[in-house]
Amino acid sequence: MPMSPFGHGRASKPLQFLTLAVGLVAMTVMTIPDLSASGHSVALVALWCCLAVYAVDLSSKAWPRSESQPNYLSSVSGIIDLLAVLPIPIALLLGVPPQTAWLLAGLWILKLATVVPGLGMLGRVIALEKRALGSVIVIFLTILVLASVALHVLEGQAQPRQFGSLPLSLWWAVTTLSSTGYGDAVPQTFLGRLIAGMVMISGLGVFGLWTGILATGFAAEHRRRDFIRNWDLVTQVPFFKNLDPPTVIELTRMLRRLDLAPNTMVVRRGRKGDSMFFIAQGEVEVKLEPNPVKLAAGAFFGEMALLTGGPRMANVVTTQPTTLLALEAADFHTLTAHHPDLARAVAAEAALRSKGSNDKPAAPAKKTRERKAQ
Ligand code: CMP
């Protein structure tokens, strides 16, 4: 089975971007009329190399691994990979001049869609918001048709070259509605100008609506994705193990995930506290003098400033790549007001810590209840 030249590791994406950049630059260079013969040869070699890399990449992905595996070539990525590899050799074989055939390397830009994850997200947002976006398109088309018909009637005789036919006035309506307005067709009658003004204002509204729908869709999609990622983490934190599902949902919406590098200062001594943190993965060190304390996955910190309203009592620094779940002060107070169990567990741990007892890890809610009952 052939191996992908891009590999599967961290270097895969930069390599793909590099190949694409080399290919597109070479294609651009090839179109320069007074390019030297050596420059032409270098560009041509670069183009053939890129094509060969894409061909090997395609065959490695299309190679059947198991019978149950869906056919790669019928997926969107497969079709894009085919478009990157096949058209150029076909054009060359059909006798298209190389200068023109290599312009098909412009299709390589489609590969960006398979590399950049944001584009997949755009596709999901458009699919989810298709009804709202569809109604904006209907408004757009309605204004377009009504305005072009009106302008054809009002201006057609006075300005036959600009509004003499419906296609001509449609062109005017598109440029006006999209607020491009080349000024090549300007209504002369009072009514025509009145309609033109209304079309321009409607254009702003239509594009505003379009932008608003996409922006809200993106925000909702981000929230959904964060919710799923946070849900996994929240259910791993022992402190939340005994919470009922509705509370876990409430909590997951409140928590913000932070992926931090080692040696990141999360909490600074003396500062006002605006959040507390749960360690989902990794480790932090509370820089207490003379004996610093390490807190591992499952523990929490930063609760004392929230409980007392006073300043942070120590610096807290990550010791390795760490994932935290941050709970803002307002959410902390809402949550503890609704869940006295959690409030008691956090307060009990804070009391132990302020007495300087470092030997107990942050206690899950249930254990704290047991300790109180004894
Ligand atoms: P806060 O004062 O908001 O910020 C520093 C945090 O360090 C503090 O909250 C506690 O969460 C944590 N901390 C303080 N003392 C101890 C201790 N003895 N053991 C573990 N963590 C502590």
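Reading the values: the criteria
Residues numbered from 1 in each chain as written. Predicted model: local features only at pLDDT ≥ 70, side-chain atom pairs only at ≥ 80, totals over all residues. Heavy atoms only, no water. Helix = DSSP H or I, 4+ residues; strand = E, 2+ residues; numbered from the N terminus. Expected span 1.5 Å × (residues − 1). Buried < 20%, exposed > 50% of the residue type's maximum accessible area, 1.4 Å probe, protein only. Contact = heavy atoms within 4.5 Å. Pairing = 2+ DSSP bridges. Axes fitted to C-alpha atoms, helices over the stretch in contact; angles between N-to-C directions. Parallel < 35°, antiparallel > 145°, perpendicular 65-115°, else oblique. Salt bridge = Lys/Arg side-chain N within 4 Å of Asp/Glu carboxyl O.

**A look at helix H8 (residues 130–155)**
Between its first and last C-alpha, H8 extends 36 Å over 26 residues, near the 38 Å set by a 1.5 Å rise per residue. Those residues of H8 that fall on the buried side of the exposure criterion are Leu133, Val136, Ile143, Leu144, Ala147, Ser148, Leu151 and Glu155. Tucked inside the fold, the buried residues of H8 contact helix H7 (117–128), helix H9 (160–163), helix H10 (166–177) and helix H11 (190–236).

**Some points on the sheet that holds strand E4 (residues 283–286)**
The antiparallel open sheet is built from four strands, whose spatial order is E2-E7-E4-E5. Either end of the sheet is taken by a strand with one partner, and the two such strands are strand E2 (265–267) and strand E5 (293–296). Here the average twist between neighbouring strands, direction ignored, is 30°. Pairing of E4 with E5 involves four bridges; the strand directions are antiparallel. What sits directly across from valine 284, in E5, is leucine 295.

**Considerations on the environment of tryptophan 102**
Within the secondary structure layout, tryptophan 102 lies in the loop between helix H5 (98–101) and helix H6 (112–115). Through-space distance from the C-alpha of tryptophan 102 to that of leucine 47 is 7.9 Å; in sequence the pair is 55 residues apart. Beyond its immediate sequence surroundings of up to four residues, tryptophan 102 is in contact with Met27, Met30, Leu44, Leu47, Trp48, Leu51, Ile88, Leu92 and Trp108.

**What to know about the sheet that holds strand E8 (residues 322–328)**
In spatial order, the strands read E1-E8-E3-E6; together these four strands make up an open sheet with antiparallel pairing. One side of each edge strand has no neighbouring strand; the edge strands of this open sheet are strand E1 (256–260) and strand E6 (300–301). Of the pairings in the sheet, the one linking strand E3 (residues 275–281) to E6 comprises two bridges and is antiparallel in character. Among the inter-strand pairings, phenylalanine 278 is bridged to a residue of E6, identified as phenylalanine 300. Here H11 sits on the sheet in contact with E1, E3 and E8, set at roughly 80° to E1. Contacting E3 and E8, helix H14 (residues 329–338) crosses the sheet at an angle of about 75° to E8.

**Focus on the packing of H8 against H11**
Where H8 contacts H11, the axes come no closer than 10 Å and their chain directions differ by 170°. Comparing the axis directions of H8 and H11 gives the class roughly antiparallel. Contact with H8, carried on its side by Ala132, Leu133, Val136, Ile137, Ile139, Phe140, Ile143, Ala147, Ala150, Leu151, Leu154 and Glu155, involves Leu191, Gly192, Ile195, Val199, Ser202, Val206, Phe207, Leu209, Trp210, Ile213 and Leu214 of H11 and no other residues of that element.

**Some points on the pattern of salt bridges**
When the charged atoms of two side chains lie near each other, side chains of opposite charge can form a pair. Following the criterion strictly, the structure yields 14 salt bridges and no others. Between glutamate 221 and arginine 124 there is a salt bridge; the shortest N-O distance is 2.9 Å. Of this pair, glutamate 221 sits in helix H11 while arginine 124 sits in helix H7, and the two are 97 residues apart along the sequence. The class for glutamate 221 is buried, based on a relative accessible area of 7%. For arginine 229, the salt bridge is made with aspartate 259, and the minimal N-O distance between the two is 3.7 Å. Taken as a pair, arginine 229 in helix H11 and aspartate 259 in strand E1 lie far apart in primary sequence, 30 residues in all. Classification of arginine 229 as partly exposed rests on a relative accessible area of 33%.

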